[in-house]
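Chain residues, written in single-letter form:
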Amino acid sequence: MDLVGYGAFFLTTALIFSLITLGLNLQWGLTGLFNVGLAGFVAIGAYTSALLTTPDDPARLGGLGLPIVIGWLGAMFVGGVAAALTGIATLRLRSDYLAITTFGVAVVVQLVALNAQKLTGGPFGIGFIPRPFGGLAETPLLFNLSNLAIVSAVTLAAFLALERLTRSPWGRVLKALREDERAAISLGKSARFYRVQAFAVGGAIMALAGALQAHFIGFIAPDNYLSILTFQVWVMLIVGGSGSNAGAIAGSVLVWAIWAGSGALTSVLFAPEQQARAASLQIVAIGVMLCVILLARPNGIFGERPRRALFGKRTKVTASESGS
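All figures in this text were calculated on a predicted structure; none of them were measured in a lab.

### Looking at the overall build of the protein chain
Then step 1. A tally of regular secondary structure across the protein chain gives 14 helices and zero strands.
Then step 2. Taken over C-alpha atoms, the radius of gyration comes to 21 Å for the protein chain, in line with the 20 Å a tight globule of 324 residues would show.
Then step 3. If you line up the protein chain on its principal axes, its C-alpha atoms span 80 × 50 × 35 Å.
Then step 4. By residue count, 47% of the 324 residues in the protein chain fall in the buried class.
Then step 5. Of the contacts made within the protein chain by residues no fewer than 6 positions apart, 76% connect residues no fewer than 24 positions apart.
Then step 6. Per element, the accessible surface of the protein chain, about 16700 Å² overall, is 69% carbon and sulfur.
Then step 7. Side-chain charges in the protein chain split into 22 positive and 13 negative, and the spacing between the mean points of these groups amounts to 13 Å.

### Digging into the side chain of Glu163
Then step 1. Along the chain, the position of Glu163 falls in helix H6 (residues 140–167).
Then step 2. A polar side-chain atom of Glu163 sits 2.8 Å from a polar atom in the side chain of Asn245.

### Looking at the pattern of salt bridges
Then step 1. Scanning the entire structure with this criterion turns up four salt bridges.
Then step 2. Where Asp57 meets Arg60, a salt bridge forms, and the shortest distance between an N and an O atom there is 3.8 Å.
Then step 3. Judged by relative accessible area, Asp57 falls into the partly exposed class, the value being 27%.
Then step 4. Across the pair Arg195 and Glu181 runs a salt bridge, and its minimum N-O distance is 3.1 Å. Taken together, the positions of Arg195 in helix H9 (residues 191–217) and Glu181 in helix H8 (residues 181–186) put the pair 14 residues apart, joining distant regions of the chain.
Then step 5. For Arg195, a relative accessible area of 15% gives the class buried.

### Focus on unusual backbone geometry
What is expected of a backbone is that most residues other than glycine have negative phi and most peptide bonds are trans.
Then step 1. Although it is not a glycine, Phe128 sits at a positive phi angle of roughly 55 degrees.
Then step 2. Looking at the secondary structure, you find Phe128 in the loop between helix H5 (117–120) and H6.
Then step 3. Its relative accessible area of 75% is what places Phe128 among the exposed residues.
Then step 4. Even without being glycine, Phe133 reaches a positive phi, approximately 55 degrees.
Then step 5. The residue Phe133 is located in the loop between H5 and H6 in this model.
Then step 6. Looking at Phe133, the relative accessible area reads 42%, which means it is partly exposed.

### Considerations on the side chain of Asn147
Then step 1. Note that Asn147 resides in helix H6.
Then step 2. Using a relative accessible area of 3% as the deciding quantity, one classes Asn147 as buried.
Then step 3. Reaching out from Asn147, the side chain makes a polar contact with the backbone oxygen of Phe143 at a distance of 2.8 Å.
Then step 4. When near neighbours in sequence (up to four residues on either side) are disregarded, Asn147 contacts Thr12, Pro132 and Phe216.

### Here we look at the environment of Ala89
Then step 1. By the element assignment, Ala89 lies in helix H3 (residues 68–90).
Then step 2. Note on Ala89: relative accessible area 64%, which makes it exposed.
Then step 3. When the C-alpha positions of Ala89 and Val196 are compared, they lie 9.6 Å apart, and in sequence the two are 107 residues distant.

### Some words on empty space enclosed by the protein
Then step 1. Overall, the coordinates contain two cavities of 30 Å³ or more when judged by the stated rule.
Then step 2. Looking at the largest cavity, its volume works out to about 50 Å³.
Then step 3. Lining the largest cavity are Leu22, Asn25, Leu26, Leu30, Leu162, Thr166, Gly243 and Asn245.
Then step 4. Broken down by secondary-structure element, the contributors of at least two residues to the lining of the largest cavity are helix H1 (2–30) and H6.
Then step 5. A total of four residues in the lining of the largest cavity trace back to one element, the largest contributor, which is H1.
Then step 6. Counted by class, the lining of the largest cavity contains four nonpolar, four polar and no charged residues.
Then step 7. Estimates place the volume of the second largest cavity at around 30 Å³.

### Things to note about the confidence of the model for the protein chain
Then step 1. Overall, the prediction assigns the protein chain a mean pLDDT of 88, with 93% of residues at 70 or greater.
Then step 2. Averaged over each element, pLDDT in the protein chain is lowest for helix H14 (residues 307–323) (45) and highest for helix H2 (residues 38–53) (96).
Then step 3. Predicted confidence is poor over residues 307–324, with pLDDT under 50, and the contacts of this stretch with residues over four places away or in other chains come to zero contacts.

### Structural notes on a nonpolar patch on the surface
Then step 1. Together, Leu64, Leu66, Val69, Ile70, Leu73 and Met76 line one region of the surface with nonpolar side chains, adding up to about 510 Å² of accessible area.
Then step 2. Here Ile70 shows up in helix H3.
Then step 3. Overall, the relative accessible area of 39% leaves Ile70 in the partly exposed class.

### A few points about the packing of aromatic side chains
Then step 1. Counted by the stated rule, this structure contains eight aromatic pairs.
Then step 2. Clustering of aromatic rings is evident, with ring pairs tying together Trp28, Phe34 and Trp234.

What counts and what doesn't
- All residue numbers refer to positions counted from 1 along the written sequence of the respective chain.
- Totals for whole chains, interfaces and linings use every residue, but because this is a predicted model, local features are given only for residues with pLDDT of at least 70 and side-chain atom pairs only at 80 or more, for both listing and counting.
- Each side-chain value is derived from all of the structure's non-hydrogen atoms; neither hydrogens nor water enter the calculation.
- By the criteria applied, helices consist of DSSP H or I runs no shorter than four residues and strands consist of E runs no shorter than two, each listed in order from the N terminus.
- We compute the radius of gyration from the C-alpha atoms alone; for a globule the expected value is 2.2 Å times N to the 0.38, where N is the number of residues.
- When accessible area is computed with a 1.4 Å probe and restricted to protein chains, residues below 20% of their type maximum are described as buried, those above 50% as exposed, and intermediate ones as partly exposed.
- Pairs of residues are marked as contacts when any of their non-hydrogen atoms sit within 4.5 Å.
- We get accessible surface area from the Shrake-Rupley algorithm with a probe of 1.4 Å; when it comes to residues, only the shown protein chains can shield them.
- We treat Lys and Arg as the positive residues and Asp and Glu as the negative residues; His and chain ends play no part in the count.
- The location of each charge is read from NZ of Lys, CZ of Arg, CG of Asp or CD of Glu.
- Under this definition, polar contacts are N or O atom pairs within 3.5 Å; protein pairs additionally need one hydrogen-donor-capable and one acceptor-capable atom, and for neighbouring residues in sequence, both atoms have to be side-chain atoms.
- By convention in these notes, a salt bridge is any Lys or Arg side-chain nitrogen within 4 Å of a carboxyl oxygen on Asp or Glu.
- In this analysis a 1.4 Å probe is tested at points of a 1 Å grid over the protein atoms alone, and where it fits but cannot get out there is a cavity; an open set with protein on both sides within 12 Å along at least five of seven lines is a pocket; lining residues have an atom within 4 Å of a point.
- Grid points are joined across faces, edges and corners, and a volume is the space filled by probe spheres set on the points.
- Three categories are distinguished: nonpolar for Ala, Val, Leu, Ile, Met, Phe, Trp, Tyr, Cys and Pro, charged for Asp, Glu, Lys and Arg, and polar for the others, with Gly belonging to the last.
- On a range of 0 to 100, pLDDT expresses the predictor's confidence in each residue.
- The residues that make up patches have over 30% relative accessible area and no salt bridge, and they are joined within 9 Å when like-charged or within 5 Å when they are Val, Leu, Ile, Met, Phe, Trp or Tyr.
- Any two of the Phe, Tyr and Trp rings considered here, Trp counted by its six-membered ring, make a pair once their centres fall within 6.5 Å; the pair's planes then place it as stacked at under 30 degrees, edge-to-face at over 60, or tilted in between.

Pasting the structure below:
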């Protein structure tokens, strides 16, 4: 029973990461927007939902005590607006400058969360965040399975919606902008307008994932949204396959399994006083896995294989057939 409960806890965490990766896949895999500040949008969603749903606290603002669903919707709205404003201000930049700017946005959000104690609780964070099925907390198995069902439903809904958007005319415009911006503009499409939309929708999905994580754990602090989160999600997308929504989910589960497994292994192999240094081996394990997968599948597990080679083979076959 304990093993089943831990499996549900593991999958819940992995699916929350999958939701973040789906948002990044919309921005980078589909549109080609290099966002290195995704931790900031996750933090915005977490803090927004926490301030809307926690009970009143005289030590800080917020504490409206609203239902959890309202907190999630509010997180998506605020995260989407923040991403849209970021996109309007930065999407004229080239990919490298865009990466630097979005990283700066994430740093600003983390510093605000750390120092605005009257709003975010500062370094002490926000506790007493209501948890779905909180009455089942005394029964870990039922609690973890119930939360797994909710997170699975939200992730599935996001996956199906993004799959539909990807195949829609809107998604085809985003792909056209990624592949050949000049050709898309020549057809009358506004590159900036569509990119801001993609950036906003991706930011809203990331913010929703942050809200889900906040309510699942019941506590948030600025240390939860450091640059290591951005590193993890980017690795998940690269491993699963950029441009594939199914790859985003599969890569998230695989990378999180290696991350959690390596953490458990270091806790067993190393003495308690050495575990702080041994924790860096988790990043080493992820790096080795990334190298192996990219050597075997350069475009990720579910990524599309290069089409030029196949086209070249077909051209050679056609030429040989015509010659004969």
